[in-house]
Structures are given as C-alpha cells and as structure tokens.
Amino acid sequence: QVQLVESGGGLVRPGGSLRLSCAASGGIVSIATMGWYRQAPGKQRELVATITRAGNTNYADSVKGRFTISRDNARNTVYLQMNSLKPEDTAVYYCNAEISTSLFGGYRTYWGQGTQVTVSS
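Sequence order as written defines residue numbering, which begins from 1 separately in each chain. Selection of residues for local features in this predicted model requires a pLDDT of at least 70, selection of side-chain atom pairs for listing and counting requires 80 or more, and totals for whole chains, interfaces and linings are taken over all residues. Hydrogens and water molecules were not included; the side-chain quantities draw on all heavy atoms of the structure.

**Considering the overall build of the protein**
Helix and strand counts for the protein stand at zero helices and 11 strands. For helices the rule is a DSSP run of H or I covering at least 4 residues; for strands it is a run of E covering at least 2, with both sets numbered from the N terminus onward. Helices (α) and strands (β) of the protein occur, in sequence order from the N terminus, as β-β-β-β-β-β-β-β-β-β-β. Two things to know: the radius of gyration comes from C-alpha atoms, and the globule rule equals 2.2 Å times the number of residues to the power 0.38. Relative to the compact-globule value of 14 Å for 121 residues, the protein shows a C-alpha radius of gyration of 14 Å, a close match. Once the C-alpha set of the protein is aligned to its principal axes, its extents read approximately 50 × 25 × 25 Å. For every residue, the accessible area obtained with a 1.4 Å probe (protein chains only) is divided by the maximum for its type, and the residue is called buried under 20%, exposed over 50%, and partly exposed between those limits. Taken over 121 residues, the protein has a buried fraction of 40%. Residue pairs in contact within the protein that sit at least 24 positions apart in sequence constitute 55% of those at least 6 positions apart. With the model as given, the accessible surface of the protein reaches about 6,500 Å², and the carbon-plus-sulfur share is 45%. Note on charges: Lys and Arg go in the positive column, Asp and Glu in the negative column, and His and the chain ends are not counted at all. Every charge is mapped onto a representative atom, which is NZ of Lys, CZ of Arg, CG of Asp or CD of Glu. Looking at the protein, you have 12 positive and 7 negative side-chain charges, and the mean spots of the two groups are 3 Å apart. The contact criterion used is simple: two residues touch if any of their non-hydrogen atoms lie within 4.5 Å. Note on areas: Shrake-Rupley with a 1.4 Å probe; residue coverage comes only from the protein chains shown.

Written as structure tokens, this is what we have:
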C-alpha cells in the first residue's frame, strides 16, 4: 500500500522559512514526477512546484525565487524549502507523486494527507 507522509509544516512569521518533507513508501518500483500543491481556505488546490526524476523543476509564478523543490531518489523523498514566506502562502500543502508499483505496470498519482503552513505575525 503506497503512502505519502508529509512533515515540516507549522506556524512561521512573515519573512521566515520552513522546510517540508514528503516520504513515499509501500511497494514502490519507480517514481516519476513529484510535486507540491496547496489549498487555501475557500480556494481551489493549486500547483506550487514539481520535479522530475531527472531533476527538472517547474514553479508557480507566485513562489519563484522564494521556494526550492528537491528530491532524494534513493529515499523516495521530496522536499520544499520555503523562504521569505508571506501571509498569502498560508495553506494546507499536499505532496503528490506519480508512482509505479509494478515492473510492467503504469503510473498512478498518489497524494499525501496534507500539512498546514500558517504565515502570521
């Protein structure tokens, strides 16, 4: 059973930093793209950043230059370093990964349970 477990959320003041982690486990053969999404109260879930297995990254315009996504393929883990945080970054952050559990099967998209990030003075 594939699981994605996030950690690292919390309360931080504007201008501060947080680092989120997401570890995937459970019968994994291969992981393609991994990413982070977020959902603020009353808003739709939106893309924050993605990273391919080769390390190619993509960011939402709102976080470019402040957030950095990275991954450790040996540990099946993706990270999100968030600097210069703003109140508008407040949201539940979700980890996402395209995972194959079979040598001959395709990839499915899995989601973590979410971790709350609150930016407030």
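Back to the write-up after that little detour.
**Some words on the sheet that holds strand E1 (residues 3-7)**
One open sheet holds the four strands; their spatial order is E1-E3-E8-E7, and the pairing between them is antiparallel. Both outer strands of the open sheet, E1 and strand E7 (67-72), are each paired with one neighbouring strand and no more. Taken pair by pair, the neighbouring strands of this sheet meet at an average axis angle of 15°, ignoring direction. As defined by bridge partners, E7 adjoins strand E8 (residues 77-82) across six bridges and the pair is classed as antiparallel. Bridging across to E8, Ile-69 finds its partner in Leu-80. Following DSSP output, two strands are said to pair if at least two bridges run between them. Throughout, an axis means a line fitted to C-alpha atoms (over the contacting stretch in the case of helices), and angles, computed between N-to-C directions, take values from 0 to 180 degrees.

**As for the pairing of E1**
By the alternation rule, side chains of E1 split into Leu-4 and Glu-6, which are all buried, and Gln-3, Val-5 and Ser-7, of which none is buried. Pairing between E1 and strand E3 (residues 18-25): five bridges, direction antiparallel. Paired with Ser-7 across the strands is Ser-21, a residue of E3.

**Some details on the nonpolar core**
Soluble globular proteins: nonpolar side chains tend toward being buried together. Side-chain atoms within 4.5 Å link the members of a nonpolar core, which is a set of buried Ala, Val, Leu, Ile, Met, Phe, Trp, Tyr and Cys residues. Among the nonpolar cores identified, the biggest contains 31 residues, and Leu-4, Trp-36, Leu-80, Met-82 and Tyr-93 are the most heavily contacted of them. Those elements that provide at least two residues to this core are E3, strand E4 (30-39), strand E5 (46-51), E7, E8, strand E9 (91-100) and strand E11 (115-119). Looking at this core element by element, the count peaks at five residues for E9. Every residue in contact with Leu-4, bar those within four places of it in the chain, is listed here: Cys-22, Ala-23, Ala-24, Cys-95, Asn-96, Ala-97, Ile-99, Tyr-110, Trp-111, Gly-112 and Gln-113.

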